[in-house]
Every structure is written in structure tokens, then in C-alpha cells.
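Each chain, written out:
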Amino acid sequence: MREATFEVVLPKPAQESVTYDKPWQELIPYQLRSDKYVSIGTAFAIGPNQYATAMHVLIAAFGDSRGEPMLRDADGRLYPIAQITKGSIDQDFAVFTLAKQPDRSAFLELNDKPELNETVYAVGNALGEGVVMREGNYTSDTPEDESGRWKWMRFSAPISGGNSGGPLIDVKGSVIGLVRAMRTSENTLNIAVPAALVKSAPDHLVSVDSRAVAGFAVFDKTRSGRFKTDITAPKSFAELSVAYMKAADEFNTAQLRGLLADNANETFPRGSGSERLLHGLYERSAPAIVVQNGNGNWIFTQPSYTRLDLGREGWQDSANFKGYLVFHRHKPNNVNQAKWYSDAQMAREVVLKASPATIHINAENAKIVSMGAPTEDTLFTDSWGRVWQVRAWHITTWFGSDWLVEFDLPVPDGTVGFESRVSTLGRDFQIERMKLLTGFFAASYEGKLSQWDRFLSQRPLLPKPLAASVLHIDFGRSFAFDDRRLAFSYGPELQKIDQDGRLRLDFAFTRDAADAQLGIAGIVAYNADEKTEIDVFRHGTPAEAGSEAAKTEWRKRLHHAHPYDSVALTANDRQMISTIYGVADTQPAPDVLYTFQYRAETGTPQDRMKAKLDLLMQQAKVNER
């Protein structure tokens, strides 16, 4: 038994890809610290140069940057895997050969007709501390969950995490099963793959045949399909890894695209459920996600954000949305703006330094302070013409290898975006999913005028609505906006134009006869010193299914009724005056109206408010109706 059973191990990396604030390795037990390998499971010999383990033990190492799995015997000798000769992904077993045979060769016989209630022993690696044997009973069989195509074995012998892939033997030392999974509670039993499945499986084939359900974070619809493929064997570990990951990525991507194609006519921005959103705008710099609610309508949903202080007036607002971390990172004042956009390592280190997250080891805490430069750093333009920076870090530590994928959307005061930890298996599919999610992401662009000035110089990062130089800022002299639909400008007599003034551009998803597009629908300029604000908003005709309040407000705008009659009022402890561009009650009624507003401190007299509004309207021109 000792000579036929092995640990499955992976080499520790010579250097981890992350940096900690203290040498945490010194805090763990000596045996773990000094071992150059990490134990991930168990394997055993079933014949001359034939070995078996659980397929999930091998799959866990697919694409692992630490290296390929090997077998290790009780004396510490290592045996690289040569070829996988047969196996099943869904039945969870693999049979393989070794590149070098152990000096003392022994193997275990397979018994494909075990007796219920007989005494059994689970043999395997006990959490990396060597191979042990534990006693129990083979109690029952249970059908596999999908359709009962085969039965798993249930047994009571205790097992540990490292037992996966080890033999379940009877009192004669014959293998009746292959340990697959631990019990999930005190009232359940452990699971094994019957030896009969391993014995009867066809040679020269690694198969998968399982049902998969595809979903997408923005709605509750799903699409079922069968992931079925046969990979010819024998194959080296690397060859099997590449072949399976490619097949899985292609299947999952096709399923997701099929799901979206099946629902294309009712997925935002199409379908009647999109009408309300296409007649409104989003007015917040904190991101929101466009999702479909239970009534079939598409709405903005904003997660509940938690603020992390980054120092020097910088901060991160972040929240979880369906497994993604959605964020708005406001750049600290001491960080160069161009460097913030271009140096992903530096920006990430600013967040890591401020983060309270730690790993807990033997009553002490260690903290990650750097992940280094991203392994991949590319640009992606979404369906609305916004340019995202896609950063992917391949994170390699002693005990794991996965990816952090981050989608950054540059904005004047920093970045907004979302990120996710993903495994190497399925990474390409997850990135494809994240690319599709960008089309359902909403955020205003906001920052100081000085930040806007520097942001506009980053030409490759500008979204389509800003690519045509719609903004012109001449500090101390003039502010001008012109996107061909709307043009206006003003000088310091209306509002001081200095570097600390703030500007927010709000965007609306719109659809015309040809296509859907993202356009600027709100311009908000604020000066804290003067406590003044200038607002210009574009409003489309309310949707037929829109609220009665929206329709009432639209009628007021058409008639230039109060509060759109150039008469000041007090609202939210501010003085506000508004007007609508053009003539009241124009026939035929326009499809689009523009509201111009000026806000000042409470108590500012009507004549002064009206004079300011007149200054705003002097250079205003609207070229659509």
C-alpha cells in the first residue's frame, strides 16, 4: 500500500508574484515552510506504469504558473507525469503514465464488484502530512445529480482535503473506488468514484458530457446546453490542459453569445423594456449597472458603496455586484494624473496600501503591498465607444495560481470600473463576459477643471462623445461646449473659470432609427468659492410607458411653465432659475428640449439671477429638435 500510493504535488514558485509587508513564510510551520512542493491530492498505481487520480486534482493545475503536477513517494522522490491515457471530466477520474518508474514497483488491483456495508479504508495524503489510512464502511450508492447515468459510492471513512484521488480499498487491499469528495455536513457521507467506472472506461479517450447553464449578470434569463467533447489520448499534461481549456472556453463563450442572441430583441438597448432608460440620463459619478427588473424593464441599479480613504483627498468607493467588485477610484492629489492612467502597478499599490485586508497566520497578520506590473495591459472599446484599460495580473503564490482581471474606465478624477478574481481555466471566457458587461455600465465623468484639462490630453483614452474636442477651457477667460447638437459658452462674469472649478458630464443612452449611441446629456459646472452652479440638460420625449410625473414635467417644459419660466425659486437651500431653449408651445412639438439653469446662494435676488441666466443663454445654440 505504501509503495503504490503517492502524493500529487506542485512545485512552489521560486518567487511569489505578490509582495507582503513582512516575510509571512516564517510564520507557518517548519514542515510547510521548508517543503519545496505543495501537496494537492493523492494518486495510486493500478498496474505496470498505470496510475489513477481524481480528474479534478489535475484540472486544478491546468494553466498553473507554478508548473505541472508530479507524484511524490514516501521517501520524497518525484515522478513527472508522462501522458494521460484515459479519463472522464464528469465522472472525475484520470489514468496516466509516469516519465520515470519508481524503483520499487507495486500496484493495487481494481475490484469492480464491492459488497455493500463492508469495511473499507480511505487511503491518501492527509493535508500534505503524508499518506494515512482511515477505516469506515461502504454504506450506499447515490445517483449522479444530472440524470442518474451512474452511481457514486458513499462511505463513512474520514478523509481530509488531500485525500482527493486516493484509493478506497476493501479488507483484501483491492481498490473499490477512488476518493472524490468530502462530506458537506455531519449528516452526509463522503463520495467515491466506483472502480468499475475506471476499469470499463475506453482507452485513448478523455471525455466530458455534462449539462451546463449559462447566465449573465444583468438579467435572470439562462440557457442550458450540453458540454460534450472527446479529447483523444494519450496526451501530455500540457496538451490535455490546452485542449480542455480551449474546448471549455469555446463552449462557454458560445453559450453566452447564444443566450444574448436568444434574447436580443428584449435586451438593452432594444425592446419595449428599454424605453424609459433611453429617454433618461444617468447623473452620478459613482457607477451603476443597467439591469432588467422583474417587470421586464431595464433600470439603473447602483450598488451600496463603501468608502476607503486612499490619503491626500483620494478615495475608493467599492461594492459587490454579482461577484464583481465595482469601484470609483478618486486619484490622490499627490499622484500624477497621466501616471495614474498609465501605471497600473502604482495605482494598485495605492489601493493595497490603504486596504485593511490581511491574511491571518498563526495569530499574526500579513498584508499584500504590491502585485507588480500586470501580466497583460490592453485597451478595449465597448459598444458605446468608451475606452477601457484591461489589466490582468497572473497571481502566483506558494498555495495558488489565478488571475485578477480589472477593467478600468479612465475619468477626469481617476478611474471607474470593475474587477474579478478568475481561475486560469475559463479565464478567456470570463474576460469575454466582462467585455460584454461593459455595455451595461453607466457613469458620469467628473473632476476639477485642471483634471479635465489633463484628461482631455489623453486622446487614446477618450470616449467617442469626447473624441471630437467638444470642450474648450481657457482658464480665467472662457468655458465652451460644442458637440454639434448643442453649443454654449460663458466667461468669468458668469462663473469663475479656475483650476479648482468642477465639471461633470452626464451621459444618456439613446436610440435613433439607425443605431443606439451614448451621448452627452448633462453639463454641470460648479465653483465652490462662488457657490454657483451652471446646468444644461438634454431631455427627450418621455417614453409611452414612462411615469405620469415624467410626462407632467415634459408638459411644463413644452409650455415653459414654472419652474422653467426664468423665475427664481429656492430648492435644496439654493436659489435656482431655469429656462427652456426656444419658443414655448412650438408646433409640431419637438422631440428634444434643453433646460438651462443657474444656481446660487439662497437669497440671491431675482434680477441678479435673471441676469446670470441671460448671460448663459447669450451664446447658446441648439441644433436639434
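Only a predicted model underlies this, so the values are computations on that prediction, with no experimental measurement involved. (Residues numbered from 1 in each chain as written. Predicted model: local features only at pLDDT ≥ 70, side-chain atom pairs only at ≥ 80, totals over all residues. Heavy atoms only, no water.)

Peer 1: Before we go on, may I ask you to explain the overall build of the chain in this structure?
Peer 2: Within the chain, the secondary structure is distributed over 11 helices and 39 strands. For the chain, the residues scored as buried account for 53% of the 625 residues in total. The long-range fraction of contacts in the chain, counting pairs at least 24 apart against all pairs at least 6 apart in sequence, stands at 61%. The positive charge centre, built from 70 side chains, and the negative charge centre, built from 78, are 1 Å apart in the chain. (Helix = DSSP H or I, 4+ residues; strand = E, 2+ residues; numbered from the N terminus. Buried < 20%, exposed > 50% of the residue type's maximum accessible area, 1.4 Å probe, protein only. Contact = heavy atoms within 4.5 Å. Lys, Arg positive; Asp, Glu negative; His and termini not counted. Charge placed at Lys NZ, Arg CZ, Asp CG, Glu CD.)

Peer 1: Explanation requested: the packing of aromatic side chains in the structure shown.
Peer 2: For any pair of aromatic rings, geometry is given as the distance between the ring centres together with the angle between the planes. Evaluated as defined, the whole model comprises 38 aromatic pairs. Between Tyr20 and Trp24, the ring centres sit 5.7 Å apart and the planes meet at 65°, which makes this aromatic pair edge-to-face. Assessed through its relative accessible area of 16%, Tyr20 is described here as buried. Measuring from centroid to centroid gives 5.3 Å for Phe407 and Phe418, while their planes differ by 20°, and the two rings are stacked. (Phe/Tyr/Trp six-rings, centres within 6.5 Å; stacked < 30°, edge-to-face > 60°.)

Peer 1: Which parts of the structure should I look at to understand the sheet that holds strand E28 (residues 441-442)?
Peer 2: What links the strands of a sheet is backbone hydrogen bonding, and the strands pair in either a parallel or an antiparallel sense. Spatially, the 3 strands line up as an open sheet ordered E17-E16-E28, and their pairing is antiparallel. Each edge of the sheet is formed by a strand with only one pairing partner; in this case those strands are strand E17 (298-301) and E28. (Pairing = 2+ DSSP bridges.)

Peer 1: Would you take a moment to explain helix H10 (residues 548-559) for this structure?
Peer 2: Because each turn of an α-helix spans 3.6 residues, side chains separated by three or four positions in sequence point in the same direction. Between the first and last C-alpha of H10 there are 17 Å, a value that for 12 residues agrees with the 16 Å anticipated at 1.5 Å per step. Among the residues of H10, those classed as buried are Trp554, Arg557 and Leu558. Seen from one end, H10 has its buried residues packed into an arc of 100°, which puts them on one side. Summarising the contacts, the buried residues of H10 are in contact with strand E35 (532-540), strand E37 (574-580) and strand E38 (592-601). (Expected span 1.5 Å × (residues − 1). Arc of directions from axis to C-beta.)

Peer 1: Sorry if this is basic, but what is going on with the sheet that holds strand E26 (residues 400-411) here?
Peer 2: The strand order across the open sheet formed by 7 strands is E18-E19-E20-E27-E26-E25-E24, and the pairing between neighbours is antiparallel. Each of the sheet's edge strands pairs with one partner strand only, and the pair in question is strand E18 (306-311) and strand E24 (376-381). Strand-to-strand twist across the sheet, computed as the mean angle between neighbouring axes with direction ignored, equals 25°. Where strand E19 (residues 314-321) meets strand E20 (residues 324-330), 7 bridges bridge the pair, whose relative direction is antiparallel. In the sheet register, Ala319 faces E20, and the bridge partner there is Val326. Those strands touched by helix H7 (residues 344-354) are E18, E19, E20, E24, strand E25 (387-397), E26 and strand E27 (414-422), and its axis lies near 110° from that of E18. (Axes fitted to C-alpha atoms, helices over the stretch in contact; angles between N-to-C directions.)

Peer 1: When you look at the pairing of E27 in this model, what are you seeing that I'm missing?
Peer 2: Remember that side chains alternate between the two faces of the sheet whenever the strand is regular. Across the 9 residues that make up E27, a large majority, 8, are buried. Both E20 and E27 contribute to a ladder of 6 bridges, which runs antiparallel. Bridging across to E27, Arg329 finds its partner in Thr415. As consecutive antiparallel partners, E26 and E27 are separated by 2 residues.

Peer 1: What is the right way to read the environment of Ala600 from this model?
Peer 2: Locating Ala600 in the fold gives a position in strand E38. Separated by 323 residues in the primary sequence, Ala600 and Leu277 place their C-alpha atoms 30 Å from one another. Among residues more than four places away in sequence, those in contact with Ala600 are Lys531, Arg574, Gln575 and Met609.

Peer 1: Which parts of the structure should I look at to understand the layout of surface pockets?
Peer 2: Left-over empty space is what a probe sized like a water molecule reveals as it rolls over the atoms. Taken as a whole, the largest pocket encloses approximately 980 Å³ of empty space. As for the largest pocket, its lining consists of 35 residues, and the residues nearest its centre are Ser383, Trp384, Ala516, Gln517 and Leu518. For the lining of the largest pocket, the elements supplying multiple residues, two or more each, are helix H4 (237-262), helix H8 (427-437), strand E33 (502-511) and strand E34 (516-527). Ranked by residues supplied to the lining of the largest pocket, first place goes to E34 with 5 residues. (1 Å grid on protein atoms, 1.4 Å probe; cavity = no way out; pocket = protein on both sides within 12 Å on 5 of 7 lines; lining within 4 Å. Points joined across faces, edges and corners; volume = space filled by probe spheres on them.)

Peer 1: Mind showing me how you'd approach the packing of H4 against H8 here?
Peer 2: The relative placement of two packed helices comes down to the angle between their axes together with the axis-to-axis distance. The geometry of H4 relative to H8 is characterised by a closest axis approach of 8 Å and an angle of 20° between their N-to-C directions. In terms of orientation, H4 lies roughly parallel with respect to H8. Judged by the sense of rotation from one axis to the other, the crossing of H4 with H8 is right-handed. Across from Asp249, Asn252, Thr253, Leu256, Arg257 and Leu260 in H4, the residues of H8 making contact are Arg427, Asp428, Phe429, Glu432, Arg433 and Leu436. (Parallel < 35°, antiparallel > 145°, perpendicular 65-115°, else oblique. Left-handed = near helix turned anticlockwise from the far one by under 90°.)

Peer 1: Explanation requested: the pattern of salt bridges in the structure shown.
Peer 2: Side chains that differ in sign of charge can pair as their charged atoms come close. In the structure shown here, the tally under the stated rule is 47 salt bridges. In this structure, Asp382 and Arg386 form a salt bridge, with 2.8 Å as the shortest nitrogen-oxygen distance. The buried category is assigned to Arg386, whose relative accessible area is 2%. Because the salt bridges share partners, they merge into one network encompassing Asp90, Glu144, Glu146, Arg149, Asp209 and Arg226. (Salt bridge = Lys/Arg side-chain N within 4 Å of Asp/Glu carboxyl O.)

Peer 1: Can you walk me through the nonpolar core in this structure?
Peer 2: Generally speaking, soluble globular proteins have nonpolar side chains that are buried together. Of all hydrophobic cores here, the largest spans 94 residues; its most connected members are Trp452, Phe479, Phe488 and Ile523. Excluding anything up to four places from it in sequence, Trp452 contacts Pro412, Tyr445, Glu446, Gly447, Leu466, Leu471, Ile473, Leu503 and Leu505. Counting residues in each nonpolar core, the second largest holds 51 residues, with Ala54, Leu58, Ile89 and Phe93 among its members. (Core = buried A, V, L, I, M, F, W, Y, C linked by side-chain atoms within 4.5 Å.)

Peer 1: What am I meant to see in the pairing of strand E31 (residues 478-482) here?
Peer 2: Residues Phe479 and Phe481 line the buried face of E31, whereas the alternating positions Ser478, Ala480 and Asp482 sit on a face that is not buried. Examined bridge by bridge, strand E30 (residues 471-474) and E31 share 4 bridges and lie antiparallel to one another. If you follow Leu471 over to E31, its bridge partner there is Phe481. Once E30 ends, the chain turns through 3 residues before running back antiparallel as E31, passing Gly476 with a positive phi of about 80°. Strand direction decides the pairing type here: E31 and strand E32 (residues 486-490), joined by 4 bridges, are antiparallel. Paired with Asp482 across the two strands is Ala487, which belongs to E32. Between E31 and the antiparallel strand that follows it, E32, lie 3 residues; Arg484 among them carries a positive phi value of about 80°.

Peer 1: How do you make sense of the environment of Val567 when you look at a structure like this?
Peer 2: Within the secondary structure, Val567 sits in the loop between H10 and strand E36 (569-571). Residue Val567 is classed as partly exposed on the basis of its relative accessible area, which comes to 37%. Each C-alpha atom, one on Val567 and one on Pro80, is 83 Å from the other, the two residues being 487 residues apart in sequence. When sequence neighbours within four positions are dropped, the list of residues in contact with Val567 reads His562, Met576, Ile577 and Gln606.

Peer 1: What exactly am I supposed to notice about empty space enclosed by the protein here?
Peer 2: In total, this model carries 6 cavities of 30 Å³ or more according to the counting rule given. In this structure, the largest cavity encloses a volume near 80 Å³. What lines the largest cavity is simply Arg329, Trp340, Ala344, Ala347, Arg348, Val351, Gln389, Arg391, Trp393, Glu406, Asp408 and Thr415. Among the secondary structure elements, those contributing two or more residues to the lining of the largest cavity are H7, E25 and E26. Residues belonging to the lining of the largest cavity are distributed by class as follows: 5 nonpolar, 2 polar and 5 charged. (Nonpolar A, V, L, I, M, F, W, Y, C, P; charged D, E, K, R; others polar.)

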